[in-house]
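Now for the letters of each chain:
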Amino acid sequence: MLEVKSLSVSYGAVAALMNVSVHVAEGEFVSLIGSNGAGKTTLLNSIMNIIGHSKGTVTFKGKEITKLNTPKIVKGGMAIVPEGRRIFSNMTVKENLEMGGFTRPAHEVKEKLEQMYDMFPVLGERHDQTAGMLSGGEQQMLAIGRALMTSPKMLLMDEPSMGLAPLVIKEVYEKLKLLASTGLTILLVEQNATMALKYAQRGYVLENGRIILQGKASELLGDNEVKRAYLGKEYKEKWER
Ligand SMILES: Nc1ncnc2c1ncn2[C@@H]1O[C@H](COP(=O)(O)OP(=O)(O)OP(=O)(O)O)[C@@H](O)[C@H]1O
Ligand SMILES: [Mg+2]
């Protein structure tokens, strides 16, 4: 479904991604983990051509999209839930969802709205409220709902667990799992390696702009190097005291 080949991106003289290759098969849930500044957001933004890339190719559904502009990529069936959610706080929940569907005809938007309210009941209950009034978890659901308004085949998720309590993080991931089970292809990037790998089938580890490890998510979760570097404090407290 998605194939990123030898992608390199720099910000001026600073190289953020070097020769990154990632692939996601249709229906797959793939997580890419990496610490602060590894280049995760850069990868997703450059797949969507929100920022340009200096080298490499991106192929989606068998078609090269390397030079396609973002609206065309969205039209082609890809959507992104950006880092920090970026919901429109002063607009209502309903208006936020409508913004997500702005490229679609009105009757379709109406239909999608109902689908989103079924999928996320809390959004239906609060459709008339200002989005800024929602809790962090509800805002994340709204950001996901907004991305789904274009009926994407593939969803790029940037740091869904950011700033959320563990129970809420679980709720978000359960929702993603449900979406994946309906056939949605997911590429997720996270610092929160435990959750990201628990829910994915395959994973990648990005460090300083390079892929240093990849494999089955369950194997990465068990990998000592991954544990030490990414599963954090808990592991260190248990094993490295
Ligand atoms: N607009 C920018 N201009 C210059 N440098 C940038 C810009 N955005 C990111 N960078 C740099 O590129 C590198 C990768 O950043 P990126 O935001 O992709 O990392 P990340 O893995 O998403 O980090 P985080 O987990 O904190 O979200 C970092 O060194 C960062 O400082
Ligand atoms: Mg980021």
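Look above for the structure.
Keep in mind that what you see is a predicted model, and the values were worked out from it rather than measured. (Residues numbered from 1 in each chain as written. Chains lettered and ligands numbered in written order. Predicted model: local features only at pLDDT ≥ 70, side-chain atom pairs only at ≥ 80, totals over all residues. Heavy atoms only, no water.)

> Residues and numbers for the sheet that holds strand S8 (residues 185-190), please.
Spatially, S6-S7-S8-S3-S9-S10 is the arrangement adopted by the six strands of the open sheet, whose pairing is mixed. The outermost strands of the open sheet, each flanked by one partner alone, are strand S6 (78-81) and strand S10 (210-216). On average, each strand axis in the sheet is tilted by 15 degrees relative to the strand beside it, whichever way the strands run. Summarising the sheet, S6 and strand S7 (residues 154-158) pair through four bridges and their orientation is parallel. By the bridge assignment for S7, alanine 79 is matched with leucine 155. Sitting on the sheet, helix H7 (residues 166-181) touches strand S3 (29-33), S7 and S8, and the angle it makes with S8 is about 155 degrees. (Pairing = 2+ DSSP bridges. Helix = DSSP H or I, 4+ residues; strand = E, 2+ residues; numbered from the N terminus. Axes fitted to C-alpha atoms, helices over the stretch in contact; angles between N-to-C directions. Contact = heavy atoms within 4.5 Å.)

> I'd like to hear about the packing of helix H6 (residues 136-148) against H7, residue by residue, with values.
Following both chains from N to C, one finds H6 and H7 inclined at 20 degrees, their axes separated by 9 Å at the closest point. Viewed along their axes, H6 and H7 adopt a mutual orientation that is roughly parallel. For H6 against H7, the interelement crossing comes out right-handed. Every residue of H7 that contacts H6 at Gly137, Gln140, Met141, Ile144 and Leu148 is listed here: Val168, Glu171, Val172, Lys175, Leu176 and Leu179. Grouping the amino acids of the contact of H6 with H7 by side-chain chemistry returns seven nonpolar, two polar and two charged. (Parallel < 35°, antiparallel > 145°, perpendicular 65-115°, else oblique. Left-handed = near helix turned anticlockwise from the far one by under 90°. Nonpolar A, V, L, I, M, F, W, Y, C, P; charged D, E, K, R; others polar.)

> Lay out the coordination of the magnesium ion (ligand 2) with the relevant residues and their values.
Surrounding the magnesium ion (ligand 2) are the protein donor atoms Thr41 (OG1) and Glu83 (OE), at 1.9 to 2.1 Å. Within this pair, whereas threonine 41 is found in helix H1 (residues 40-47), its partner glutamate 83 is found in the loop between S6 and helix H3 (93-100), the two being separated by 42 residues in sequence. For threonine 41, a relative accessible area of 21% gives the class partly exposed. (Donors = N, O, S within 2.8 Å, 3.2 Å for Na, K, Ca; no water. Buried < 20%, exposed > 50% of the residue type's maximum accessible area, 1.4 Å probe, protein only.)

> Could you give an account of the pattern of salt bridges, with specific residues and numbers?
For the structure shown, the criterion picks out four salt bridges. The salt bridge involving lysine 94 is made with glutamate 98; its shortest N-O contact spans 3.4 Å. With lysine 94 and glutamate 98 both in helix H3 and four residues apart, this pair spans about one turn of that helix. Classification of glutamate 98 by relative accessible area gives partly exposed; the value is 30%. When the shortest N-O distance is used, the salt bridge between glutamate 138 and arginine 126 registers 2.9 Å. With glutamate 138 in helix H6 and arginine 126 in the loop between helix H5 (121-125) and H6, this pair connects stretches of sequence that are twelve residues apart. (Salt bridge = Lys/Arg side-chain N within 4 Å of Asp/Glu carboxyl O.)

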